[in-house]
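Inside the fold
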Amino acid sequence: MSKASFAPATKKSQKELEGLSFITMQDRSPETRFIFASDSCQDILGWTPEEIIGQSAFDLIANDEVESAKEVYYDAVSADKAATVGILRFKHKEGHPVLCQASWSVVSNCIISSICLATDARRNMLQSATAQDFLIISAAAIEQFGQRQWARSARLRDTTVPIRPPGAVPFASLPEPSERQALVLNRFSIYSPILFCATNNFLDAEMARGRSFYDFVTPDDEGHVRDWINKVKGGGREGGVKSDGAFGYGAFVLCIRGRDSSIRQRKKSLGSRDVAGVPESSGPGPIRRRSSKGSLHGDTPRGNLESGEIAFSQPISTATKKARERRGSFGRASAGEIAVDAIFSAHSDGIIVVMRRASL
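What counts and how
- Residues numbered from 1 in each chain as written.
- Predicted model: local features only at pLDDT ≥ 70, side-chain atom pairs only at ≥ 80, totals over all residues.
- Heavy atoms only, no water.
- Salt bridge = Lys/Arg side-chain N within 4 Å of Asp/Glu carboxyl O.
- Helix = DSSP H or I, 4+ residues; strand = E, 2+ residues; numbered from the N terminus.
- Buried < 20%, exposed > 50% of the residue type's maximum accessible area, 1.4 Å probe, protein only.
- Expected span 1.5 Å × (residues − 1).
- Contact = heavy atoms within 4.5 Å.
- Core = buried A, V, L, I, M, F, W, Y, C linked by side-chain atoms within 4.5 Å.
- Polar contact = N/O pair within 3.5 Å; in protein donor to acceptor, adjacent residues only side chain to side chain.
- Pairing = 2+ DSSP bridges.
- Axes fitted to C-alpha atoms, helices over the stretch in contact; angles between N-to-C directions.
- Arc of directions from axis to C-beta.

Quick notes on the pattern of salt bridges
- Tallied over the full model, the rule gives 14 salt bridges.
- For Glu 65, the salt bridge is made with Arg 89, and the minimal N-O distance between the two is 2.8 Å. With Glu 65 in the loop between helix 3 (49-52) and helix 4 (66-79) and Arg 89 in strand 3 (residues 84-91), this pair connects stretches of sequence that are 24 residues apart.
- For Arg 89, a relative accessible area of 15% corresponds to the buried category.

The structure is reproduced here in structure tokens:
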């Protein structure tokens, strides 16, 4: 069986690039313009983050797939999808198409995405297998990537999206988006500092940015959430780069006022190093960057910055059950706590956490 052939992404070898993925955020508009992008965008597509911010995401998609991409985008927004993966071609700055695997989550008034090369790498297969939906927009790639999910094979987009007039996205008729918030975390620190917040639905973005994510997790759930994040980060490498990308699903209690989680962690990890062997930052304050690969660019100053297969082992099931059992007592809990369902995914440029208010 022959596989589709596509031009290489950059002058680097494909093996070197397999572990890289860049994170983007787009506004929830018909044009879905980029609000920010992480640095690996340049490695994969040749564009610097500054060059694509403000552009429509459709400007970077291969011309013959733009209409299909618009249909998929409309479907994601209208259905309020939180964990979709698709295969499509993007335009490299040098002019050739690059076959990519993209994931996207609708987060209230914006879309958060990650983009990497479409390959048979372990990270890509895990991400496809744990997504809520897996679509192939590039028809030429159906043979190579059409069997990523056993129970339901990947589908070409035209069988799964509502019919509408070409080029007309009826955003005025869409229902109000659900209440969600997305965070991008620094994956190279045991404190998981928050690099970026999308929306202010639960945490105040300005207050949370730069602080440890665990400052906003209740003490009872901190151990479980740390374990989940370590699981999605994994221990594998692709092309010599720490990556992974599976979706993990869990529930925990969010401490929206924040607390100081650093004292407990310092006692446990004094002098420790993370799984990648990179020295940790000294606390949840200012972030010591590992390299430019961990930074994000956007409309904030530089440096300030639902049913898939469950990706976690038994501990998350137990913790999720406990969190769900606690929901009934939230009326009696302090006003500063909210039970949330969350989707975690790790990428070379950071960890994405998408949260929604837990359903009863």
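Thoughts on helix 4
- Taking 1.5 Å as the rise per residue, helix 4 with 14 residues should run 20 Å; its terminal C-alpha atoms sit 20 Å apart, in good agreement.
- Of all 14 residues making up helix 4, 10 are buried, and the element is well covered by its neighbours.
- Within helix 4 the residues assigned to the buried category are Val 66, Ser 68, Ala 69, Glu 71, Val 72, Tyr 73, Tyr 74, Asp 75, Ala 76 and Val 77.
- Next to the buried residues of helix 4 lie strand 1 (21-27), strand 4 (97-107), strand 5 (110-117) and strand 6 (133-136).
- Positive phi appears at Asp 80, one or two residues downstream of helix 4, with a value of about 55 degrees.

A look at the nonpolar core
- Residues Ile 44, Leu 45, Ile 52, Leu 60, Ile 61, Phe 90 and Cys 100 are the most contacted members of the largest nonpolar core, which totals 34 residues.
- At the level of elements, strand 2 (34-38), helix 2 (40-45), helix 4, strand 3, strand 4 and strand 5 are the ones that each hand at least two residues to this core.
- Counting 28 residues, the second largest nonpolar core, distinct from the first, contains Ile 23, Val 85, Ala 118 and Ile 343.

A short note on the side chain of Ser 38
- Here Ser 38 shows up in strand 2.
- You can call Ser 38 buried: its relative accessible area is 0%.
- From its side chain, Ser 38 meets the backbone nitrogen of Ile 23 in a polar contact 2.8 Å long.
- For Ser 38, the side chain forms a polar contact with the side chain of Asp 349, separated by 2.6 Å.

Examining the environment of Leu 20
- With respect to the helices and strands, Leu 20 occurs in the loop between helix 1 (14-17) and strand 1.
- For the pair formed by Leu 20 and Ser 40, sequence separation is 20 residues and the distance between their alpha carbons is 6.7 Å.

Some words on the sheet that holds strand 12 (residues 247-255)
- Ordered by their spatial adjacency, five strands build an open sheet running 9-8-15-14-12, and the pairing between neighbours is antiparallel. For this open sheet the edge positions go to strand 9 (194-198) and strand 12, each flanked by a neighbour on one side alone. Sheet twist, expressed as the mean angle between neighbouring strand axes with direction ignored, is 25 degrees.
- Against the sheet, helix 8 (residues 219-233) makes contact with strand 8 (180-185), strand 12, strand 14 (337-347) and strand 15 (350-357), and its axis sits at roughly 155 degrees relative to strand 12, the strand it touches most.

Some words on helix 8
- With 15 residues, helix 8 should cover 21 Å at 1.5 Å per step; its first-to-last C-alpha distance of 22 Å lies within 8% of that length.
- Every buried residue of helix 8 is listed here: Asp 221, Glu 222, Val 225, Arg 226, Trp 228, Ile 229, Val 232 and Lys 233. Projected down its long axis, helix 8 carries its buried residues within an arc of 165 degrees, all on one side.
- Phi for Gly 234, located one or two positions after helix 8, is positive at around 65 degrees.

Quick word on the environment of Gly 248
- By the element assignment, Gly 248 lies in strand 12.
- Given a relative accessible area of 0%, Gly 248 falls into the buried group.
- Gly 248 sits 117 residues away from Ala 131 along the chain, and the two C-alpha atoms are 9.2 Å apart.

Keep in mind that these numbers describe shape and distance, not what the molecule does.
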